[in-house]
Amino acid sequence: MKTSNPVLARLGQAAERERSAGYAPTGPYGQPGIPQQYPSQAGYPAAPPTVAPMTVDDVVVKTVALLGILGVSAAAAWVLVPDALVGAAWIGAAVVGLVLGLIISFSRMANPALVITYAVVEGVFVGMVSKAFETAYDGIVLQAAAASFGIFFLMAMLYRAKVIRATPAFVKGMIAVMTGLFAVMLINLVLALFGVNTGLRDGSPLAIGFSLVCIVVASLSFVLSFKEIEDGVRMGLPQRYSWTAAFGILVSLVWLYIEILRLLSYFQGDD
């Protein structure tokens, strides 16, 4: 029941409290345990509260649902947003998505409505980014999408085969690297707004190298998500936390897709 993830540790404690309120741990194959018996009140049999535990299948279903919502939102934004407003919609969705993502990430409680809202907003962001790149480079969106899902399934197979494992050192290192990359990208964005070119996003050899680093880290971030899902199922977290697990996969997929899209654009030339 131990985990090196402090958030999962807190959620595990919450799960223990919910189980003590009327929910037994899961069986050996992930089935819900037998609810505890409660004394009747006012002459009527008491119905004990039951809390279904999270399973891997729950996460898969929620992830597919979020990807579907994101896809519909992206397609709608692509069709409905006029070309003149693509930039504004792109920036607006990015800011709102960042705020929602931080709220979800630092919240101790799973909120399906908030996660679904995030998927809708990210869909607008992805749709606007994709439209801008596809207008400049025909066919690049399909290439980036295929590469992103290909990498995701490859990482899933490697994790399942135990070729890559999320050891405590790996987790700490990934968190440090991802935090550093986020800080660098944020600083670069602020400098770009003031007309300062750092060379990280202009197609130069430095930009290509930076995108490759981001792609590698985004790919490895799936391992963190797989580990969180594995720990969450083992700890018997309530089923609603499958939305939070699916959110983690969605974030990594969107990040990976954007970085691949950007990298592919560097090799398209000026055609």
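Report follows, based on the coordinates. (Residues numbered from 1 in each chain as written. Predicted model: local features only at pLDDT ≥ 70, side-chain atom pairs only at ≥ 80, totals over all residues. Heavy atoms only, no water.)

### A word on the overall build of the protein chain
From N to C terminus, the protein chain includes 8 helices and 0 strands. For the protein chain, the succession of helices and strands along the chain, N to C, is α-α-α-α-α-α-α-α. Within the protein chain, the fraction of its 271 residues that count as buried is 39%. Residue pairs in contact within the protein chain that sit at least 24 positions apart in sequence constitute 80% of those at least 6 positions apart. Surface accessibility of the protein chain: about 14600 Å² in total, with carbon and sulfur atoms responsible for 71%. (Helix = DSSP H or I, 4+ residues; strand = E, 2+ residues; numbered from the N terminus. Buried < 20%, exposed > 50% of the residue type's maximum accessible area, 1.4 Å probe, protein only. Contact = heavy atoms within 4.5 Å. Areas by Shrake-Rupley, 256 points an atom, 1.4 Å probe, with all protein chains shown as cover.)

### Observations concerning the nonpolar core
Ranked by size, the top nonpolar core spans 58 residues in total, and within it Leu-66, Phe-222, Val-223, Ile-249, Leu-250, Tyr-257 and Leu-261 carry the most contacts. Secondary structure elements with two or more residues in this core: α2 (56-80), α3 (86-106), α4 (112-136), α5 (140-160), α6 (168-193), α7 (205-235) and α8 (241-266). Dropping the residues within four chain positions of it, Phe-222 is found in contact with Phe-152, Met-155, Ile-249, Ser-252, Leu-253 and Leu-256. (Core = buried A, V, L, I, M, F, W, Y, C linked by side-chain atoms within 4.5 Å.)

### Re a nonpolar patch on the surface
The grouping of Leu-98, Leu-102, Phe-106, Phe-182, Leu-186, Ile-187, Leu-189, Val-190, Leu-191, Leu-193, Phe-194 and Val-196 at the surface amounts to a nonpolar patch, some 1200 Å² of accessible area in total. Of all the secondary structure elements, the ones that give two or more residues to the nonpolar patch are α3 and α6. By residue number, the principal contributor to the nonpolar patch is α6, which donates 7 residues. Relative accessible area serves as the criterion here: at 39%, Leu-186 is assigned to the partly exposed category. (Patch = residues over 30% accessible without salt bridge, like charges linked within 9 Å, V, L, I, M, F, W, Y side chains within 5 Å. Salt bridge = Lys/Arg side-chain N within 4 Å of Asp/Glu carboxyl O.)

### Section: the packing of α4 against α8
Contact geometry for α4 and α8: axes closest at 11 Å, N-to-C directions at 10 degrees. Taken together, the axes of α4 and α8 are roughly parallel relative to one another. Between α4 and α8, the residues in contact are Pro-112, Val-115, Ile-116, Tyr-118, Ala-119, Glu-122, Phe-125, Val-126, Val-129, Ser-130 and Phe-133 and Trp-243, Phe-247, Leu-250, Val-251, Val-254, Tyr-257, Ile-258, Leu-261, Arg-262 and Ser-265, respectively. By residue class, the composition of the contact of α4 with α8 is 17 nonpolar, 2 polar and 2 charged. (Axes fitted to C-alpha atoms, helices over the stretch in contact; angles between N-to-C directions. Parallel < 35°, antiparallel > 145°, perpendicular 65-115°, else oblique. Nonpolar A, V, L, I, M, F, W, Y, C, P; charged D, E, K, R; others polar.)

### Brief notes about the pattern of salt bridges
Evaluation of the coordinates by the stated rule reveals 5 salt bridges. Among the salt bridges present, the one from Asp-83 reaches Lys-131, with a minimum N-O distance of 3.0 Å. Of the two residues, Asp-83 is situated in the loop between α2 and α3 and Lys-131 in helix α4; the sequence distance between them amounts to 48 residues. For Asp-83, a relative accessible area of 62% puts it in the exposed group. Note that Arg-201 is salt-bridged to Glu-259, the shortest N-O span being 2.9 Å. With Arg-201 in the loop between α6 and α7 and Glu-259 in helix α8, the pair connects residues that are 58 residues apart, well separated along the chain. On the basis of relative accessible area, Arg-201 is assigned to the partly exposed category, the value being 23%. Each of Lys-227, Asp-231 and Arg-234 takes part in one network of salt bridges that share partners.

### Overview of α6
Compared with an ideal rise of 1.5 Å per residue, which puts 26 residues at 38 Å, α6 spans 38 Å between its outermost C-alpha atoms and is within 8% of the ideal. Turning to α6, its buried residues are Phe-170, Val-171, Met-174, Leu-181 and Asn-188. Packing partners of the buried residues in α6 comprise α7 and α8. (Expected span 1.5 Å × (residues − 1).)

### As for the packing of aromatic side chains
Within the structure shown, the criterion is met by 6 aromatic pairs. When the ring of Phe-222 is compared with that of Phe-226, the centres are 6.4 Å apart and the planes differ by 20 degrees; the resulting orientation is stacked. With Phe-222 and Phe-226 both in helix α7 and 4 residues apart, this pair spans about one turn of that helix. The exposure class of Phe-222 is buried, given its relative accessible area of 0%. When the ring centre of Tyr-159 is taken as origin, the NZ or CZ atom of Arg-165, which lies over that ring, is 4.5 Å away. (Phe/Tyr/Trp six-rings, centres within 6.5 Å; stacked < 30°, edge-to-face > 60°. Lys NZ or Arg CZ within 6 Å of the ring centre and 35° of its normal.)

### A word on the side chain of Ser-221
Checked against the element boundaries, Ser-221 lands in helix α7. Residue classification places Ser-221 among the buried positions, given a relative accessible area of 3%. In this view, Ser-221 contacts Met-174, Met-178 and Ser-252; residues no more than four positions away in its chain are not counted.

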